[in-house]
Every structure is written in structure tokens, then in C-alpha cells.
Amino acid sequence: MTAPAERPAATPFREAIVREWPALGIWILAVLGFGWQALSQEGAGQGLPALVAFALLMAAYMGSAFLPVEAARRWAGEDIRRVYGIPFALWFAGGLLGILRGLPTDPWALLGGLAFLVWPAVLVLHNRAAWGPIPALVVLGTLALILIPGPLPGDPVGWAFRIGAGLWPLPLILGWPAAARPRAHLLYFGAILFVWYAVEFNRLPALPLLRGGPSYFHLAAIPLFLWLMLLSGRFPDLGLTFRWTGRDLLAILVHLAGFAAFALPFGWLTGFLTPASTHPGLPEALLRLLAIYLFIALPEEILFRGALHVHLQRALGWPPLRTLLLSSLLFGLAHLNNPRR
């Protein structure tokens, strides 16, 4: 009687596919949905470059969630130019996309895009734990460059939003409270604020992937931020994973139902939400839902619940509930300028 043949050992690639199938599935759905829209709207000539750029940005986005942190840090630590290669690669891809799409070349916009991508990397790489006057001045200058230029707000809410965005970080930047100074990590804090405010106040170059669609630089901000967190060893703070379990999905459904039971009536009563006169078909509705999840909901959670909340918890040394209330207040105030739907 012959012994049963041994099954071949699974390759690392196959193991990664099996382990990370939700992320791979989301990537495939997102790329197929964007590709359908790009090719039908722009044609192959301009749609294909946009599709390739989108697929690569999504691969960098989803891939950050399952790369081993320590191995990535060792790779980056061998040569600092590797870290700076990430923003330069994103910038080069954006410029190439503009050329392939036949968009007019604006040197100042290109320089602005390069500054947006490189400056957070500079802040993260040169961050130190303790508070100091020079890092404080650097972060203050960073905020000024984001908040002062640009068109003036046209209503009181806009003025309050911009002024509040400049005022609330000042205590931490100026080194108060004194007990937080040894763990201030000012330049890291400045990198968080820079990426957040550059997107929030629309300080990024206009390079739409599609006519009327999202900007390349808005989407590039997501993998840039995630990879900087990864290479600085802070990625575990974000709690980002696509390895869902049945328990995770149940928690999502329960919390979503509880939130909807409160938020929908409140939104209708205040006029923030209004019934739509037309409704998209099912495929378009599903694509919109996926886009909201990937490019609005998840990045906001990464920024506020992951990076910002954890940084405030460590820097201030407050009890968890007090820090949670502060980060939740900031999350709410950050939506003051949202338009009605």
C-alpha cells in the first residue's frame, strides 16, 4: 500500500493571497469599478493611464496593511534615500499622468505637488521625542503656509473653521503642558497636521484622474501617509487591517445600525440631509459606497482614531476617556465646513 502523496508546501505568495483575501478583493473591485468608469468616460487613450495610476495607488494603499513593520523599517534604515524615493515616485507618477492625459504643464503646480509629498517625509524622518524651539517654529511655519494663503472664507463658519484649525494645536506646539515636553514628537505632529490640512483646505495641485473625478494628489496622500507610518514604526498605532472575522463584521453591522438610528433622523430634522430626487442604479450605488469607504471613511478613521488620537494620548498622558473626548471633539469640528447633502 503506497503512502499518500504529500501536498506541496504553500508558497509565500499563495499564503499572502489566502491571508489577505479581503484586501485583494477590495483592490480588484475598486480597480474594476474605476476602470469601467474611466474607459467609458474617457476612452482608452486617456482612460488607461488613469486606470494604471489608480491601480498602483490602490496597491500601495492596501499593501501597507500587511507588510511586516520591522522588515520594512530595516529596509528603509539601510539607506534613507529609499524613504525619500516614495514621495518622489508618487510625484513622478503624477507628472507622467498629466503628460499622458495631455494636461497643460504648470511648473508651479508641479513644485507644489512635490513639496506636499516630500515635506511630511522630512518631518517624520527628522522627528525627535523631546520638545524644542526649532521644531516648534518649523511646525508653526508649516501651519502658516497651509492656512494663510488662498481665498478668504466667505462666511462666518469658514472663518471660524480656519482660525480654529490654527489655534487648537498651539498649546502642544508651544510646549504646554510642561509634562508633555519630553514626549512631544513635534515634527511627527506637524506631519499629521500638514497632510490633514493640505487635503482639508484644498492646497493640493489640481490633477484629476477623470473629468470631474478625484485628484491624483488627494488619493496619493493616503498611501504616502500610511507608508510614512509604516517606515517610522508607528503603523501598529493605526490598527489598520483587512483581516476581518465574522465577529468584526457583526460589530460593524450593529454599530452602523445604532448610528443610523440616531444620525439619519437628526440629519433630516436639521436639514443636513435631504431626500434625493434621483437615485443611481445598483452598480453605481455599490461603487459609490466602496469609494466612500476607501477614500473618506477609512482615511478619516486612520487619521483621527489612529494617528491623532494615539499621539495625543501619548503626548498629553491623559486618561483614555479624556483623550477620546478630545479627539472626538476634533473629529466633529473638522466636519463643520461640510456641505449639506
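See the structure shown above.
Here goes a summary of the coordinates provided. Numbering of residues starts from 1 in each chain and follows the order in which that chain's sequence is written. Predicted model: local features are reported for residues with pLDDT of at least 70 only, side-chain atom pairs are reported and counted for 80 or more only, and whole-chain, interface and lining totals are derived from all residues. Only hydrogens and water are removed before side-chain values are computed, so all heavy atoms of the structure are retained for them.

### Structural notes on the layout of surface pockets
Link 1 in the chain: Put plainly, a pocket is an open set of points on a 1 Å grid over the protein atoms alone with protein on both sides within 12 Å along at least five of seven lines, a cavity is a set where a 1.4 Å probe fits but cannot get out, and a lining residue has an atom within 4 Å of a point. Grid points are joined across faces, edges and corners, and a volume is the space filled by probe spheres set on the points. Here the second largest pocket defines a volume of roughly 360 Å³.
Link 2 in the chain: If you trace the second largest pocket, you find 19 residues lining it, with Leu56, Ala89, Leu90, Ala93 and Tyr216 closest to the centre.
Link 3 in the chain: Elements are defined by DSSP. Helices are runs of H or I of four residues or more, strands are runs of E of two residues or more, and each kind is numbered from the N terminus. Among the secondary structure elements, those contributing two or more residues to the lining of the second largest pocket are helix H2 (21–63), helix H4 (80–100) and helix H10 (216–231).
Link 4 in the chain: Amino acids are sorted into nonpolar (Ala, Val, Leu, Ile, Met, Phe, Trp, Tyr, Cys and Pro), charged (Asp, Glu, Lys and Arg) and polar (every other residue, Gly among them). Per-class residue counts for the lining of the second largest pocket are 18 nonpolar, 1 polar and no charged.

### A look at empty space enclosed by the protein
Link 1 in the chain: Within the structure shown, the criterion is met by 2 cavities of 30 Å³ or more.
Link 2 in the chain: In this structure, the largest cavity encloses a volume near 70 Å³.
Link 3 in the chain: Lining of the largest cavity is provided by Trp131, Leu172, Gly175, Trp176, Pro177, Ala180, Arg181, Ala184, Leu186, Phe189, His311 and Ala315.
Link 4 in the chain: Elements represented by at least two residues in the lining of the largest cavity include exactly helix H9 (186–200) and helix H13 (282–316).
Link 5 in the chain: Its residues assigned to classes, the lining of the largest cavity shows 9 nonpolar, 2 polar and 1 charged.
Link 6 in the chain: The calculated volume of the second largest cavity comes to roughly 40 Å³.
Link 7 in the chain: Considering the residues around the second largest cavity, the lining is formed by Phe54, Leu57, Met58, Tyr61, Leu219, Ile222, Pro223 and Phe295.

### Overview of the environment of Leu290
Link 1 in the chain: Turning to its location among the elements, Leu290 is positioned in helix H13.
Link 2 in the chain: With 134 residues separating them in the primary sequence, Leu290 and Pro156 have C-alpha atoms 34 Å apart.

### Concerning the environment of Phe304
Link 1 in the chain: Inspection of the secondary structure puts Phe304 in helix H13.
Link 2 in the chain: As a C-alpha pair, Phe304 and Leu238 span 66 residues in sequence and 9.3 Å in three-dimensional space.

### Focus: the pattern of salt bridges
Link 1 in the chain: A pair is scored as a salt bridge if a Lys or Arg side-chain nitrogen falls within 4 Å of a carboxyl oxygen belonging to Asp or Glu. Throughout the structure, instances matching the rule amount to 5 salt bridges.
Link 2 in the chain: The partner of Glu42 in a salt bridge is Arg211, and the shortest N-O contact between them spans 3.1 Å. In this pair, Glu42 sits in helix H2 while Arg211 sits in the loop between H9 and H10, placing the two residues 169 residues apart along the sequence.
Link 3 in the chain: Buried, partly exposed and exposed residues are distinguished by accessible area as a fraction of the type maximum, computed with a 1.4 Å probe on protein chains only: under 20%, between the cut-offs, and over 50%, respectively. A relative accessible area of 13% means that Glu42 is categorised as buried.
Link 4 in the chain: For Arg305, the salt bridge identified is with Glu301, shortest N-O distance 3.7 Å. Of this pair, Arg305 and Glu301 both sit in helix H13, 4 residues apart, roughly one helical turn.
Link 5 in the chain: A relative accessible area of 36% means that Glu301 is categorised as partly exposed.
Link 6 in the chain: One continuous salt-bridge network, built from bridges that share partners, spans Glu42, Arg101 and Arg211.

### Quick notes on the nonpolar core
Link 1 in the chain: Here, nonpolar core refers to any group of buried Ala, Val, Leu, Ile, Met, Phe, Trp, Tyr and Cys residues whose side-chain atoms link them within 4.5 Å. Tyr197, Tyr216 and Leu240 are the most contacted members of the largest nonpolar core, which has 88 residues in total.
Link 2 in the chain: Top element by residues in this core is H2. It accounts for 15 residues.
Link 3 in the chain: For Leu240, the contacting residues outside a window of four places in its chain are Ala65, Leu226, Phe235, Leu298 and Ile302. We call two residues contacting when some pair of their heavy atoms lies within 4.5 Å.

### A few points about the packing of aromatic side chains
The description of an aromatic ring pair rests on the distance of the ring centres and on the angle between the ring planes.
Link 1 in the chain: Each Phe, Tyr or Trp ring, with Trp reduced to its six-membered ring, pairs with another whose centre is within 6.5 Å; inter-plane angles below 30 degrees give stacked pairs, above 60 give edge-to-face pairs, and intermediate values give tilted ones. A complete count under the given rule lists 13 aromatic pairs for this structure.
Link 2 in the chain: Ring centres of Trp168 and Trp196 lie 6.3 Å apart, and the angle between their planes is 45 degrees; on these two criteria the pair is classed as tilted. With a gap of 28 residues between them, Trp168 in the loop between helix H7 (156–167) and helix H8 (170–173) and Trp196 in helix H9 connect regions that are remote in the sequence.
Link 3 in the chain: Note on Trp168: relative accessible area 21%, which makes it partly exposed.
Link 4 in the chain: The rings of Phe161, Trp168, Phe189, Trp196, Tyr197, Phe201, Phe304 and Phe331 are connected pair by pair, giving a single aromatic cluster.
Link 5 in the chain: Only when the NZ of Lys or the CZ of Arg is both within 6 Å of the ring centre and within 35 degrees of the ring normal is a charge said to sit over the ring. Here the guanidinium or amino end of Arg181 rests over the ring plane of Trp131, the centre of that ring lying 4.3 Å away.

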